[in-house]
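Each chain is listed here by its residues.
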Amino acid sequence: MTSHPRRRLIALATLLLLSLSLGAGLAVQSVTTSSRHRATAERALEDYAGFGAFILASRSYRQLGGDVVATMTNWTPGTAPAVPAGVTCPGGSSWFDALPAGSAPRFAGVPVADTELRRLRDTLAFAMPLLKEVGWRFRFLRLPGARTNGWFITSYATPSGQYGLHGFSGCIAGEAGIFRQMMKYERVLPPALTGDLPPDSLFSVSVTSSAAAPLVISPLMRESPYRGTARLGTEFGDLTVRLDLRPEVAERLVIGGIPRSPTPLAVGLMALSTLLVVTALFQLRREYELIGIRSEFVSSVSHELRTPLSQILIFTELLRLGRLRTRADRDRSLQLIEQETRRLIRLVENVLQFTGRRGARRQLAREPLPLDRVVQETVEAFAPLAAAREATVESRVPADTEVTGDPSALRQILLNLLDNAVKYGPRGQRIRVAAARNNGSVRLMVEDQGPGIPAEDRERVWEGYYRLQRETRAGVAGSGIGLAVVRSLTTDMQGRTWIEDGEEGGARFVVELAATGGEAS
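The structure contained in this document is the topic of the report that follows. The model shown is predicted, which means the values in this text are computed figures rather than measured ones.

1. A word on the environment of Arg106
Then comes step 1: Mapped onto the fold, Arg106 is located in strand E2 (residues 106-109).
Then comes step 2: Residue classification places Arg106 among the partly exposed positions, given a relative accessible area of 48%.
Then comes step 3: Counting along the chain gives ten residues from Arg106 to Phe96, while the straight-line C-alpha distance between them is 5.2 Å.
Then comes step 4: Filtering out sequence-adjacent residues up to four positions away, Arg106 remains in contact with Trp95, Phe96, Asp97 and Leu99.
Then comes step 5: Of note is the side chain of Arg106, whose polar atom sits 2.6 Å from the side chain of Asp97.

2. Side note on the environment of Glu503
Then comes step 1: Residue placement: Glu503 occurs in the loop between strand E15 (496-501) and strand E16 (507-514).
Then comes step 2: Among residues more than four places away in sequence, those in contact with Glu503 are Arg432, Glu447 and Arg508.

3. Brief notes about helix H9 (residues 371-388)
Then comes step 1: The end-to-end C-alpha distance of H9 is 26 Å, a good match for the 26 Å that 18 residues give at a rise of 1.5 Å each.
Then comes step 2: Maximal helix bending in H9 amounts to about 45 degrees, located at Phe382; proline Pro384 follows within four positions.
Then comes step 3: Among the residues of H9, Leu371, Val374, Val375, Thr378, Val379, Phe382, Leu385 and Ala386 are the ones counted as buried.

4. Notes on empty space enclosed by the protein
Then comes step 1: Evaluation of the coordinates by the stated rule reveals three cavities of 30 Å³ or more.
Then comes step 2: The calculated volume of the second largest cavity comes to roughly 40 Å³.
Then comes step 3: Lining the second largest cavity are Ser94, Pro111, Val112, Glu116, Arg147, Thr148, Trp151 and Ser169.
Then comes step 4: A per-class count over the lining of the second largest cavity returns three nonpolar, three polar and two charged.

5. Some details on the sheet that holds strand E1 (residues 94-98)
Then comes step 1: Pairing is antiparallel across the open sheet formed by five strands, whose spatial order is E2-E1-E5-E4-E3. Strand pairing shows two members of the sheet lacking a second neighbour, E2 and strand E3 (139-141), which therefore form its edges. Strand-to-strand twist in this sheet, taken as the mean axis angle between neighbours without regard to direction, amounts to 25 degrees.

6. Side note on the nonpolar core
Then comes step 1: Phe152, Phe203, Phe236, Leu243 and Leu245 are the most contacted members of the largest nonpolar core, which totals 43 residues.
Then comes step 2: Looking at this core, the elements with two or more residues in it are helix H1 (3-74), helix H4 (178-185), strand E6 (203-208), strand E9 (240-245) and helix H6 (247-250).
Then comes step 3: Once you skip the residues sitting within four places of it in the chain, Phe152 turns out to touch Val68, Met72, Val87, Phe138, Arg139, Phe140, His166, Gly167, Phe168, Gly170, Ile172 and Phe236.
Then comes step 4: Counting 42 residues, the second largest nonpolar core, distinct from the first, contains Val379, Phe382, Leu410 and Phe509.

Rules of the game
Residues numbered from 1 in each chain as written. Predicted model: local features only at pLDDT ≥ 70, side-chain atom pairs only at ≥ 80, totals over all residues. Heavy atoms only, no water. Helix = DSSP H or I, 4+ residues; strand = E, 2+ residues; numbered from the N terminus. Buried < 20%, exposed > 50% of the residue type's maximum accessible area, 1.4 Å probe, protein only. Contact = heavy atoms within 4.5 Å. Polar contact = N/O pair within 3.5 Å; in protein donor to acceptor, adjacent residues only side chain to side chain. Expected span 1.5 Å × (residues − 1). Bend = angle between axes of the 7 residues up to and from the residue. 1 Å grid on protein atoms, 1.4 Å probe; cavity = no way out; pocket = protein on both sides within 12 Å on 5 of 7 lines; lining within 4 Å. Points joined across faces, edges and corners; volume = space filled by probe spheres on them. Nonpolar A, V, L, I, M, F, W, Y, C, P; charged D, E, K, R; others polar. Pairing = 2+ DSSP bridges. Axes fitted to C-alpha atoms, helices over the stretch in contact; angles between N-to-C directions. Core = buried A, V, L, I, M, F, W, Y, C linked by side-chain atoms within 4.5 Å.

This is how it looks when you write it as structure tokens:
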């Protein structure tokens, strides 16, 4: 009967694990796909940034380089140059002329500091061969610590065939600089995506080199993971334009926005799913255990029912067939029938009481009970069952002891304790029933001469279906509900139960109930 439920539980557990595995696979696939989409979007933003930097660099180079070349071409040596507006310094410019090339340059315009003059002379000594060899139209020289951003120099030839050098200082940074103007008005990103937003709200720009401090830095320079760089042009040395997209507007440049990582959500859902599956598996395992416990319980109860029923049937047939000739045999048969019937009644009452714990409980009376009389009647009724195991029951209950409770419940408690002592104790043992007062309560004690109960099991034996391993291995029949009924009835009567070591090595079961006129401690 239990194979089908077990197969069903195994199938459910398998389905749960497969569902969890499928969910984990889908979560991993979702995270992987989202990561790929995000990586693609980030590469697109980096491409936008690189494209924007290239546009800025190329347009700045064309405008700035064109203005400088026009100035150099139209510049008459010995006169002041027409410095382009894009490179004009706020304090004015300086210029020089060196004819022939290699001779000491003659400076004019805004005075130049001595340190800058020394550095410039040292550089100009090698400028002519470089200009002629590479064919630069001009060269931009940066001098560390100078008042200006640098010097624009070029070579020229006189009608007599002499070669000379001349140049002027300039400032490509500042509010009036070419890059500031480009940042404000040059649309280097697709207008279809950026809309009417001003260019300087979309990105930050810096012009840097490896040899000195940056020339240009946006007023609100922000580091961004989406950046691109482009060289300004060979004539400007290693000057590089770097463009950083503002993270808050990067979403506008990707259709649909940058995919958010589903990892936190996926991890949370997987954790919740795992918790639910583990809980379900735990419940399935518990149900599987309950199936086994139920099967064992049914088997044990069936065995306990079969034995007295068989005895009743045998002796009833003997009486009906007239096989028992003497009056003593007939009386003995009737006594055994009565004994087994009482055992059946007690077993049925235990089952009803135990199942009643999970359903509607019966209402127990709260009335004064003479404990000595209840114990004496119960012990006498139990005597035939004890005699079957050659056990004797001794009762030592003071005559004036009274408790508050239900008489039938108290008898069932005592019968279960006595039956437990006879069943699990040795053959021919002596069982003691005693009572003692204790601060407004009465303790009813049943002590056997069995092997005792280990300390770690003394609380669990009160649970339904629980049995000691040694008793299960020894094949002792039992339903596992007798002590659970004892605790249930005692609790209903507002009492307590526990187990102690007996004086002779066995177990002492203690039931504490309120004394008449007192309260349980």
